[in-house]
Amino acid sequence: MTTGDERRQETAPRVTRVFSGMQPSGELHIGNWLGALKTWVRLQDEYPCIFSIVDLHALTQPYDPAEMAGRIREMALGWLAAGIDPERCTVFVQSTIPEHAELSWVFSAVAPLGYLERMTQFKDKAKAQPENVNAGLFTYPILQAADIAIYRADGVPVGEDQVQHIEFTREVVRRFNNRFGETFPEPAALLSPAARVMGLDGERKMSKSLGNHIGLNDDRETIWRKIAPAKTDVRRKRRSDPGVPEDCNMYAWHRFFSSEEEQHWAAEGCRSAGIGCRECKEVLARNIDAELAPMRERRAELERTPGRVEEILAAGTAALRPLARETMLEVRERLGIAGRERYEGDA
Ligand code: AMP
Ligand code: TRP
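Residues numbered from 1 in each chain as written. Chains lettered and ligands numbered in written order. Predicted model: local features only at pLDDT ≥ 70, side-chain atom pairs only at ≥ 80, totals over all residues. Heavy atoms only, no water.

Q: Pulling in residues and values, what's your account of the pattern of salt bridges?
A: Side chains carrying opposite charge are able to pair once their charged atoms draw close together. Following the criterion strictly, the structure yields 30 salt bridges and no others. Its salt-bridge partner being Arg175, residue Glu171 comes within 2.7 Å of it at the nearest N-O pair. Within this pair, Glu171 and its partner Arg175 are both found in helix 9 (residues 163-180), separated by 4 residues, close to a single helical turn. Given a relative accessible area of 37%, Arg175 falls into the partly exposed group. Between Glu311 and Arg308 there is a salt bridge, with its nearest N and O atoms 2.6 Å apart. A residue pair is termed a helical-turn pair when its members lie 3 or 4 positions apart in one helix, as Glu311 and Arg308 do in helix 14 (residues 308-335) at 3 residues. (Salt bridge = Lys/Arg side-chain N within 4 Å of Asp/Glu carboxyl O. Helix = DSSP H or I, 4+ residues; strand = E, 2+ residues; numbered from the N terminus. Buried < 20%, exposed > 50% of the residue type's maximum accessible area, 1.4 Å probe, protein only.)

Q: Account for the packing of helix 4 (residues 65-82) against helix 13 (residues 277-303), naming residues and giving values.
A: Contact geometry of helix 4 with helix 13 gives a least axis separation of 8 Å together with a crossing angle of 125°. By the angle class used here, helix 4 and helix 13 are oblique. Between helix 4 and helix 13 the crossing geometry is right-handed. Here helix 4 contributes Glu74, Leu77, Gly78, Leu80, Ala81 and Ala82 to the contact with helix 13, which in turn contributes Met295, Arg298, Arg299, Leu302 and Glu303. (Axes fitted to C-alpha atoms, helices over the stretch in contact; angles between N-to-C directions. Parallel < 35°, antiparallel > 145°, perpendicular 65-115°, else oblique. Left-handed = near helix turned anticlockwise from the far one by under 90°. Contact = heavy atoms within 4.5 Å.)

Q: Could you give me a rundown of the domain arrangement of the protein, with the residues and numbers involved?
A: Domain annotation for the protein reports domain 1 (4-198 + 306-343) and domain 2 (220-303). On a C-alpha basis, the centroid separation for the pair domain 1 and domain 2 is 34 Å. Contact with domain 1, which involves 16 residues of that partner, is made by 11 residues of domain 2. Across the domain 1/domain 2 interface, buried area totals approximately 1300 Å², and carbon plus sulfur atoms make up 68% of it. The largest contributions to the domain 1 side of the interface with domain 2 come from Ile30, Leu77 and Ala81, which together make up 37% of the buried area. Summed over the shared surface of domain 1 and domain 2, the result is 2 salt bridges. Residue Arg299 is joined to Glu74 by a salt bridge in which the shortest nitrogen-to-oxygen separation is 2.9 Å. Taken together, the links from domain 1 to domain 2 amount to 4 residue pairs in polar contact (both at pLDDT 80 or more). If you list the elements that add at least two residues to the side of domain 1 that touches domain 2, you get helix 2 (30-43) and helix 4. With 6 residues, helix 4 is the largest single contributor of residues to the side of domain 1 that touches domain 2. Counted by class, the side of domain 1 that touches domain 2 contains 11 nonpolar, 2 polar and 3 charged residues. (Domains from an automatic or database assignment. Buried area = accessible area lost by both parts, 1.4 Å probe. Polar contact = N/O pair within 3.5 Å; in protein donor to acceptor, adjacent residues only side chain to side chain. Nonpolar A, V, L, I, M, F, W, Y, C, P; charged D, E, K, R; others polar.)

Written out as structure tokens, the structure is:
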């Protein structure tokens, strides 16, 4: 089966470097895994990859400064546990490389205001936090464009919700190149096949803030406690009522976690009322647990080595800073502002 998403990937221009980022929101869930991390883990074997914990972006949302360091650490742990391997890619914290913010300002001088005004994420966030509609929330995609361009990345694995921001990035880069000379590649979004995983409620996108998630740290018991009461096809009020698997979110999850045979068993059993929702969920819960078990193990192992996460992040910054600095030097030259001899952006 070929989905539109896969076609988009196939027709993407040749990728030479991958960049992606995630806000340090704390604990990761299976939506983050299927929609982003699983793809990242695969891509690190195919291209040079850079993955960033974007703490500067997180400033635009209400948060407690005392908790930020913990959230960053938690995100890094979650990534490493999920299989992001510092031997095969580079992981770092955005704010440790000041050139991101610097290029963001430069881009703000070419970014079209009208385009920013159409960003649905801004509109959604402004609605969600009406007491804190700050300018950073509005210019957020400009910083995102800078994140990608500072390393001249051309492939950006993201979920469906970020496609608009990648298109915006292309526009910004195009305008910069037109005005100041060819400097940056136009990046393509690399969509994962699971661009939108619904939560336990079966109604809204899985999200930590809605509490409808299964965490990547959840153990076997927790997974079952959450899945047992989860919503299924409403037609199946009794065990003997046949259902429509396509209308059941648990079946949608089977498609992510179960073998072809099990998917077939679940679909047929549902249609014929040959199996009950409980049996169906037991298999699903077991498969989710099996996929998460190695993550829990890797996490425990990392936690046994104090300082390891910090070391990995510091190595990422050290490896990337010269690249970012070199890009900024070229940008400065193109802009006709203080260049190589007067640039103090040294580490
Ligand atoms: P967030 O936690 O919303 O900042 O998302 C971090 C990454 O996970 C982004 O690439 C999202 O597109 C992806 N993601 C988050 N929630 C989901 C979901 N329910 N389904 C698919 N992908 C998701
Ligand atoms: N805006 C992205 C999100 O909300 C996170 C992000 C920041 C990002 N900079 C990026 C993603 C650069 C890809 C590339 O998920």
